Each structure stands twice: as structure tokens, then as C-alpha cells.
Amino acid sequence: MRTYELTRGMPASAEIVFDVAADLSLMYRWLPPNLHLEQTGPSKVHMSADVESPGGERHLESDSTVRYDRGRRRLEWNAREPTGYGGWLQVRDAGAGTSEVSVHLEFSEEEPEALDARADLEDSLRRLEGEVTRRVREADARED
């Protein structure tokens, strides 16, 4: 199993960050552009992705179970075969109206796509920060 974990500071409270991160309708804005999600049930998501691998581009599809724990500000997902993919996202308060989000990814050993997971994870968290910043600005504009 290959694992990757990254934490990034966010310019908003943990509640705001979790609301943005857990909103399936917004995930396309911050997840890797080659990853597509479709909600198929209350806690079910269908994932499809086109990924580069040593043998050329591959198309992957899997169904995942997603658990939302708003109290802990935690999302967990676990894909059924064939991808061997799972992970979690957790948001914690960092004080002074800021927070930090940690993402942990797990890939089966057979998945060479995991080699680029760190760069994708860094890019995704940077885009998530952008979405959070947009949400805060929109809220501030409504208050003015």
C-alpha cells in the first residue's frame, strides 16, 4: 500500500473549510481535473479518471462509500475494487479564524498512478484554498 498525506493552512474557520470540502457539487473545482465524481446514493459516489501510467493512459472507474462526520469535520472514502483507493480529509481549527486541512490517500501497490499523487494532492489543496477564499469573500461582500 502506498500512502500520501499532506496538511495545508486555510484562511477560514474549520466549519467553512469543511463545508466547502464536503460539498460534492464543488469538488470538481478543487480535485484533480482528470477525476470526475457523481453521487449515486446518500453515501455513494462513482469515480472515473483518466490517468497516465507507464503503459499509457488508463481509464479507471470505481464506486466508493463516503462517510461524512460533521462533528469531527472529517470525510472518509473507500473505493471498492478494482482501484484499491481510499483516504480521508480532516479539518482542524488553527486559531484566529484559520484552520488546517489534512488529506490522507492510500493506493494499492498495483496502482502506478499513485506516483503523481503528491503533486496532485498539493495542487488540489491549493485549489481548495482558493475555493475557501472565494467563499469568505462572498460572505464578506454580502455583509457589506
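Per-chain numbering applies: the sequence of each chain, read as written, is numbered from 1 onward. It should be noted that, the model being predicted, local features are given only for residues of pLDDT at least 70 and side-chain atom pairs only at 80 or more, the latter also being counted only at that level, while totals for whole chains, interfaces and linings use all residues. Hydrogen atoms and water are omitted, and side-chain values are computed over all heavy atoms in the structure.

Some remarks on the overall build of the protein chain
Right, so step 1: From N to C terminus, the protein chain includes 3 helices and 7 strands.
Right, so step 2: Relative to its length of 144 residues, the protein chain is compact, with a C-alpha radius of gyration of 16 Å against a globular reference of 15 Å.
Right, so step 3: Of all 144 residues assigned to the protein chain, the portion counted as buried reaches 43%.
Right, so step 4: Between two residues, a contact is recorded if the distance between any of their heavy atoms is within 4.5 Å. The long-range share in the protein chain, meaning contacts at least 24 apart out of those at least 6 apart in sequence, stands at 51%.
Right, so step 5: Areas reported as accessible are Shrake-Rupley estimates using a 1.4 Å probe. Residue values count occlusion only from the protein chains shown. Carbon and sulfur atoms provide 48% of the accessible area of the protein chain, an area that totals close to 8,100 Å².
Right, so step 6: When the 19 basic and 30 acidic side-chain charges of the protein chain are each reduced to a single mean position, those positions are 4 Å apart. Strands here are runs of E lasting at least two residues and helices are runs of H or I lasting at least four, both read from the DSSP assignment and numbered beginning at the N terminus. In this description the radius of gyration comes from C-alpha coordinates, and the expected globular size is given by 2.2 Å times residues to the power 0.38. The cut-offs for exposure are 20% and 50% of the maximum accessible area for each residue type, with area from a 1.4 Å probe on protein chains only; residues under the lower value are buried, those over the upper are exposed, and the others partly exposed. By the counting rule applied here, Lys and Arg register as positive and Asp and Glu as negative, while His and the ends of each chain are not counted. Lys charges are placed at NZ, Arg charges at CZ, Asp charges at CG and Glu charges at CD.

A closer look at the pairing of strand 4 (residues 56–69)
Right, so step 1: Sheet topology places strand 4 next to strand 5 (residues 74–79); 6 bridges connect them, and they run antiparallel. Each bridged residue has a counterpart across the sheet, and for T65 the counterpart in strand 5 is N78.
Right, so step 2: Whether two strands pair comes down to DSSP finding at least two bridges between them. With antiparallel pairing between neighbouring strands as the criterion, strand 4 and strand 5 make up a hairpin whose turn holds 4 residues, including R73 at a positive phi of roughly 55°.

Comments concerning the nonpolar core
Right, so step 1: Core analysis: the biggest nonpolar cluster contains 37 residues, and L75, W77, L89, V101, L105 and L128 have the highest contact counts within it.
Right, so step 2: When residues no more than four places from it in sequence are discounted, the contact partners of L105 are R2, T3, Y4, W77, Y85, G86, G87 and L121. Working definition of a nonpolar core: buried Ala, Val, Leu, Ile, Met, Phe, Trp, Tyr and Cys residues. They are joined through side-chain atoms within 4.5 Å.

Considering unusual backbone geometry
Right, so step 1: Residue R73 is not a glycine yet carries a positive backbone phi of 55°.
Right, so step 2: Here R73 shows up in the loop between strand 4 and strand 5.
Right, so step 3: Look at A96: it is not a glycine, yet its phi comes out positive at around 55°.
Right, so step 4: Structurally, A96 can be placed in the loop between strand 6 (85–95) and strand 7 (98–107).
Right, so step 5: A relative accessible area of 84% means that A96 is categorised as exposed.

In short, shape yes, function no, at least from these values alone.
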